[in-house]
Each structure stands twice: as structure tokens, then as C-alpha cells.
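# Structural overview
This is what each chain is made of:
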Amino acid sequence: MPRMPELIVALDFPTAAEALRCVQAMPENLSFYKVGLELFTAEGPSFCRVLVDKGHRLFLDLKLHDIPNTVARAVRSAARLGVSFLTVHASGGREMLRAAAEAAAEAGGQGPKLLAVTVLTSLDAEALETIGIARSLSEQVVRLAELALESGVHGLVASVAEAAALRAEFGPDPILVTPGIRPAGSEAGDQKRTATPVDAIRAGADYLVVGRPITAAPDPGLAATSLYTEIRRALALPAQPL
Ligand code: C5P
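About the thresholds
Residues numbered from 1 in each chain as written. Predicted model: local features only at pLDDT ≥ 70, side-chain atom pairs only at ≥ 80, totals over all residues. Heavy atoms only, no water. Core = buried A, V, L, I, M, F, W, Y, C linked by side-chain atoms within 4.5 Å. Buried < 20%, exposed > 50% of the residue type's maximum accessible area, 1.4 Å probe, protein only. Helix = DSSP H or I, 4+ residues; strand = E, 2+ residues; numbered from the N terminus. Contact = heavy atoms within 4.5 Å. Pairing = 2+ DSSP bridges. Axes fitted to C-alpha atoms, helices over the stretch in contact; angles between N-to-C directions. Right-handed = clockwise from strand over helix to strand, strands pointing away.

## Focus: the nonpolar core
- Counting 69 residues, the largest nonpolar core has Leu11 and Val75 as the members making the most contacts within it.
- In terms of residues, this core owes the most to one element, helix α4 (residues 94–106), which gives seven residues.
- Apart from the residues lying within four places of it in its own chain, the contact partners of Val75 are Leu64, Leu86, Ala100, Ala103, Ala104, Pro112 and Leu114.
- The next biggest cluster of nonpolar side chains, apart from the first, holds eleven residues, and it includes Ala10, Phe59, Val157 and Ile175.

## Re the sheet that holds strand β6 (residues 155–157)
- If you walk around this closed barrel you meet the eight strands as β1-β2-β3-β4-β5-β6-β7-β8, and the pairing is parallel. Here the average twist between neighbouring strands, direction ignored, is 25°.
- Along the sheet, helix α10 (residues 220–234) makes contact with β1 (6–10) and β8 (207–210), crossing β1 at roughly 150°.

## A look at the pairing of strand β4 (residues 85–89)
- Within β4, five of the five residues are buried, which leaves the element mostly enclosed by the surrounding structure.
- A two-sided burial pattern is seen for β4, the buried positions comprising Phe85, Thr87 and His89 on one face and Leu86 and Val88 on the other.
- As paired elements, strand β3 (residues 57–64) and β4 share three bridges and run parallel to each other. Bridging from a neighbouring strand, Leu60 pairs with Leu86 of β4.
- Each parallel crossover has a hand, and for β3 linked through helix α3 (residues 68–81) to β4 it is right-handed.
- Here β4 pairs with strand β5 (residues 113–117) via five bridges, running parallel. Each residue of the ladder has a partner; that of Thr87, found in β5, is Leu115.
- The handedness of the β4 to β5 crossover, carried by α4, is right-handed.

Spelled out as C-alpha cells, the structure:
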């Protein structure tokens, strides 16, 4: 029986005010939020502190990719902010990944869990070739995932299409986070490969990142609750308020 995954709401907003309005509309127990490049560039660490001070967990999706020393220092800054999840690019290489993992470990159990991004889902086989990668997309994803996990990274961000293969290859331990989630019968937006929450769970996801199906809904709180109910029903779990 698959486990009940956790929902992470992607706060893809240009201002803190809009993001906080969305947070306030969420059911009380939904309290894991992703801050990405748009909001972080606009509102920075002070917005992150507001979320953490309210008792929420924070997934800082900065997709770090730089020399090892710089990335390690950024990981330490994220740890001081109280970030729970932080993304790094696996293609930054072994030394960068190890430096990031060591910096996260300095904070002990409270430190951020590092998640590796392998191949951006916006890249296809042709785009990979233009940056000099001859391997197939799926081989490259597994290669980079292996490098990241060997280097001490705690988990992976992957599309649902990749998730089952990664779970099969690396077993139950790595944290698996899947974006591109759409409730059955909803708009895909600009996501090319979407999947329903149930597809993601069957593929082995531990956390589902959901943005627009919640944030752009006429009633975001209701959209979040419906998604949660859809998942519990699909897993044949008894109804439980969010
Ligand atoms: O609005 P939507 O549900 O498509 O948002 C998905 C979120 O997950 C966005 O913040 C996007 O940047 C992020 N993401 C993604 N695909 C990836 C990695 C991250 O959609 N491969």
C-alpha cells in the first residue's frame, strides 16, 4: 500500500503579499511551501523567515550550481534560515555535491535536506545533444541521480515519468519529490508532462509539489482540500480533515 504523500504548495508569486494571501487561504495542516527563484529574488530571506516563524516548512528551490565553496556557503545560509528542503543541480559535479552535503550536515538533524535536480524537464533529447550529452535522457537522469546520491544528497526532484525508474533503481531511501501534478481533468498549463497525484504516488513519490492547480484556483483553500481528499480516496484511506 503506497504511503500518503505530503503536499507542497509552490508559491510562484512576484510579491510576498500575494504569496501570504495564498498561505492564509490554505487549510491549517497544509504547511509546506516552496519558494522559487521569482519570489526569492523579489522578497528574499525576509519572506522565508516570515514563513518559518509562522511554523511552516520551507522548500527553497534555488537549484544551486556553482563552485563547491560558493554552494557550501549558500547551503549554510539556507540552514541558518531554517530551510527544510533545498535544491542543487546534480550536474554541478561530485565535489560540489559533496561540499553541499557536508555543509548541510554541519547543521545536524535540523539542517536542510538536499534534493538534486538531474535534467531539467524543459530539456529534450535534442536539447541535451546541443550541450554535448549523447546519452539518452533517461540514462542521463539515472547517471546524475546516482552521482548525487553517492555524494550524500538526500533526495531527488523528478517528473512522475522518471520517478518509478528512480525508485526502482535507488530503493526506498531517497526522498522523491515530484512536480507537474494536475488533479484528474484539470488544465496542464505550460507543463508538458503532467500526472495526477495518484500516478505520482504509484510511481513512488514522497512529496507532491503543486502550484497553479491550487494557487490559481478561484478558491485555493478548497482546491487544496479537494486534492487532499482525492488522494486519500484513491489510497482507500479514511476521510480526515486537512
Ligand atoms: O504551477 P505548477 O504546478 O506547474 O508548478 C510546479 C512547480 O514546480 C513550479 O514552481 C516549477 O518551477 C517547479 N518545477 C517543475 N518541474 C521541474 C522542477 C520544478 O515544474 N522539473
